[in-house]
Amino acid sequence: MFPLRAGCRAGSDHHYWGGLRNTQRLAAVCDAFGVGVSMHSNTHLGISLAAMTHVAATVPNLHHACDSHYPWQSEDVLTERIAFTGGKVTVSDAPGLGVELDRDRLRFLHERWLDDDGSLRDRDDAAAMRAADPEWVTPSVPRW
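Residues numbered from 1 in each chain as written. Predicted model: local features only at pLDDT ≥ 70, side-chain atom pairs only at ≥ 80, totals over all residues. Heavy atoms only, no water.

Caption draft 1: Here's a closer look at the nonpolar core. By size, the foremost hydrophobic cluster in this structure holds 17 residues, and its most contacted members are M39, L62, C66 and I82. If you list the elements that add at least two residues to this core, you get α1 (20-32) and α2 (46-56). Broken down by element, the residue count for this core peaks at five residues, all from α2. (Core = buried A, V, L, I, M, F, W, Y, C linked by side-chain atoms within 4.5 Å. Buried < 20%, exposed > 50% of the residue type's maximum accessible area, 1.4 Å probe, protein only. Helix = DSSP H or I, 4+ residues; strand = E, 2+ residues; numbered from the N terminus.)

This is the structure we're talking about:
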């Protein structure tokens with residue numbers, strides 16, 4: 001089992017850093033400077049969670065829980081949802097990422113994305129946070 005924490009925001013994102021190998025490189029640089037690593041992936045599907053889980057398992061200096069919004073996702077492209085047990089996800093030892101894609105579902109969601117008028121792509125994380133906590137304010141911390 002590998003620890004993943006749902007809902008909070010911290011650390012690297014394998015999409016942003018250009019994939020799994022680059023995330024490993026980022027972790028190595030952080031380790032060289034004594035900086036801890038965590039992983040974050042927002043509004044991802046199961047295939048992305050599987051990828052994050054696999055790369056997280058290869059990072060020796062991953063001392064912080066990874067976060068995921070996956071438990072709140074209502075749609076997926078996997079034939080079987082990834083299960084969280086006690087806040088953790090098991091690293092699969094099956095071939096590849098250890099998940100099976102539902103190709104029809106993937107095609108449907110891809111077509112919906114292509115046909116989108118922009119409403120799927122527009123995001124307002126601050127509004128979503130204020131819906132959960134009306135007193136929430138955008139933090140003024142540097143992004144680096």
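Still more to cover.
Caption draft 2: Fine view of the packing of aromatic side chains. Applying the stated criterion to the full structure yields one aromatic pair. Considering the side-chain rings of Y16 and W17, the 5.3 Å spacing of their centres and the 85° angle between planes classify their relative orientation as edge-to-face. The class of W17 is partly exposed, set by a relative accessible area of 38%. In this arrangement the basic side chain of R81 is found over the ring face of Y70, its NZ or CZ atom lying 4.1 Å from the centre. (Phe/Tyr/Trp six-rings, centres within 6.5 Å; stacked < 30°, edge-to-face > 60°. Lys NZ or Arg CZ within 6 Å of the ring centre and 35° of its normal.)

Caption draft 3: Summary view of the side chain of D76. Relative to the helices and strands, D76 is located in the loop between β3 (66-68) and β4 (88-89). From its side chain, D76 meets the backbone nitrogen of G46 in a polar contact 2.9 Å long. Within the structure, D76 has its side chain in polar contact with the side chain of Y70 (distance 2.5 Å). Setting aside its immediate chain neighbours within four residues, D76 contacts L45, G46, Y70, R81, R105 and L109. (Polar contact = N/O pair within 3.5 Å; in protein donor to acceptor, adjacent residues only side chain to side chain. Contact = heavy atoms within 4.5 Å.)

Caption draft 4: Main features of the environment of C30. Mapped onto the elements, C30 comes out in helix α1. According to the relative accessible area criterion, C30 is buried, its value standing at 15%. Apart from residues no more than four positions distant in its own chain, C30 is found in contact with V35, V37 and N61.

Caption draft 5: Geometry of the environment of V55. Its place among the elements puts V55 in helix α2. Residue class for V55 comes out buried when judged on its relative accessible area of 3%. Remark: the alpha-carbon pair of V55 and M39, spanning 16 residues in sequence, is separated by 9.5 Å. Excluding residues within four positions of it along the chain, V55 makes contact with L20, T23, Q24 and M39.

This is a description of form; function is not addressed.
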